[in-house]
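Chain by chain, the residues run as shown.
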Amino acid sequence: MNYFPVMLDVDYKKVVIVGGGHVARQKLQALLPTKAQITIISPTITDEIASYLEQGKAVWKKKYFEPSDLDDASLVFAVTDQESVNDAVEQATQHWQLLSRADAKGRVDFINPAVVRRGDLTLTVSTSGAHPGLTRKLKEDLASQFDDTFTDYIEFLKKARREIIQSVQDKNRKRDAIAALLDSELEMWAREKKWDQCDAYVQKILSGVQPI
Ligand SMILES: C[C@@]1(CC(=O)O)c2cc3[nH]c(cc4nc(cc5[nH]c(cc(n2)[C@H]1CCC(=O)O)[C@@](C)(CC(=O)O)[C@@H]5CCC(=O)O)C(CC(=O)O)=C4CCC(=O)O)c(CCC(=O)O)c3CC(=O)O
Ligand SMILES: NC(=O)C1=CN([C@@H]2O[C@H](COP(=O)(O)OP(=O)(O)OC[C@H]3O[C@@H](n4cnc5c(N)ncnc54)[C@H](O)[C@@H]3O)[C@@H](O)[C@H]2O)C=CC1
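Worth saying up front: this structure is predicted, and the values here are computed from it rather than measured.

The rules behind each value
- Residues numbered from 1 in each chain as written.
- Chains lettered and ligands numbered in written order.
- Predicted model: local features only at pLDDT ≥ 70, side-chain atom pairs only at ≥ 80, totals over all residues.
- Heavy atoms only, no water.
- Helix = DSSP H or I, 4+ residues; strand = E, 2+ residues; numbered from the N terminus.
- Buried < 20%, exposed > 50% of the residue type's maximum accessible area, 1.4 Å probe, protein only.
- Polar contact = N/O pair within 3.5 Å; in protein donor to acceptor, adjacent residues only side chain to side chain.
- Contact = heavy atoms within 4.5 Å.
- Phe/Tyr/Trp six-rings, centres within 6.5 Å; stacked < 30°, edge-to-face > 60°.
- Near = heavy atom within 4 Å.
- Areas by Shrake-Rupley, 256 points an atom, 1.4 Å probe, with all protein chains shown as cover.

Colleague: I'm lost on the side chain of S42 in this one. Help?
Modeller: Positionally, S42 belongs in the loop between β2 (37–41) and α2 (47–54). We classify S42 as buried; its relative accessible area is 5%. One polar contact links the side chain of S42 to the main-chain amide nitrogen of G20, over a distance of 3.2 Å. Leaving out residues up to four positions away in the same chain, S42 has contacts with G19, G20, W60, K61, K62 and K63.

As structure tokens, this is what we get:
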């Protein structure tokens, strides 16, 4: 299956998770870095979900699923352990609402990749459903390859690129200057938080002098 990968902005959109088990917890955790308005529909929830509720991360409606639970939802997660309930969720999902079924049956508008976040750097993995266990393993490989130092690095790159865009008019010079930010020594300095060296490098780029 050839899925089309996108990065969705779900801030302030209503997201409904039907089910309150471990898979619901996984989907909730994946949504936490966003500002989505999350509602969980389920008679039971796990302790971990309960602790997120205490922190105000989501709203819980302690009940069995009914079609009206999906009103105004942009995204719908059918993640109960009952195929018949997931079927009922599918039936109630309007064509304009995007549906994800954890049992991978019936209508599938989107599947969930594994995600590694390092600030603005988002690494995602999917096997298109072929082997989610491999997806998880590859995520762990990526997480160790791209350690936490990438958070500072990507933040630095973002600011430096903005600075170049604002101060360099000539198209070719701008393109070359932005490309020069990908220098491997600069990467090392940023990941080691050697900000003086980083700033000096950017200033040299900006003044048109070839750095080093
Ligand atoms: C199609 C998809 C639909 C969807 O989006 O949910 C789906 C479907 C199914 N998963 C199943 C099982 C497992 N899923 C995981 C883990 C994850 N599964 C995730 C996504 C997806 N799982 C979507 C496609 C992913 C892709 O492209 O590869 C991850 C990446 C993200 C997430 O859950 O949000 C998350 C990694 C979390 C992380 O670490 O980041 C593990 C491993 C583990 O938990 O350690 C196992 C056990 C091992 C195994 O079975 O492989 C089963 C059988 C259920 C049963 O046996 O009843 C089905 C149904 C079926 O395949 O029929
Ligand atoms: N996509 C993935 O990553 C994975 C998917 N699965 C699939 O997801 C399903 C759920 O797995 P778990 O979360 O581990 O199950 P679980 O048994 O921990 O949780 C099921 C939840 O569904 C709720 N529920 C049952 N009937 C309901 C109803 N009528 N209305 C609302 N909520 C209802 C239960 O109260 C419970 O909170 C599995 O049966 C399997 O098909 C399983 C493992 C991984």
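Still to come is the rest of the account.
Colleague: What exactly am I supposed to notice about the packing of aromatic side chains here?
Modeller: The geometry of an aromatic ring pair is captured by two quantities: the separation of the ring centres and the angle between the planes. Counted under the stated rule, the structure contains 5 aromatic pairs. Between F150 and Y153 the ring centres are 6.0 Å apart and the planes differ by 70°, which places this aromatic pair in the edge-to-face class. Linking F150 with Y153, this pair stays in helix α5 (residues 149–167), spanning 3 residues, or about one helical turn. Neither residue differs from the other here; F150 and Y153 are each classed as buried. With 6.3 Å between their ring centres and 70° between their planes, W189 and Y201 make a pair best called edge-to-face. On the criterion of sequence distance, the pair formed by W189 in helix α7 (residues 184–191) and Y201 in helix α8 (residues 195–206) is long-range, its members being 12 residues apart.

Colleague: What am I meant to see in the site of ligand 2 here?
Modeller: Close to ligand 2 lie 21 residues; G20, H22, V23, T44 and F65 are nearest. Within the backbone of G21, a nitrogen or oxygen atom sits 3.3 Å from an oxygen atom of ligand 2. Between D81 and ligand 2, the recorded distance is 3.5 Å, taken from a side-chain N or O atom to an oxygen atom. Bound to the protein, ligand 2 loses 68% of the 860 Å² it would expose on its own. Sorting elements by how many residues they give to the shell around ligand 2 places helix α1 (residues 22–31) first, with 4 residues.

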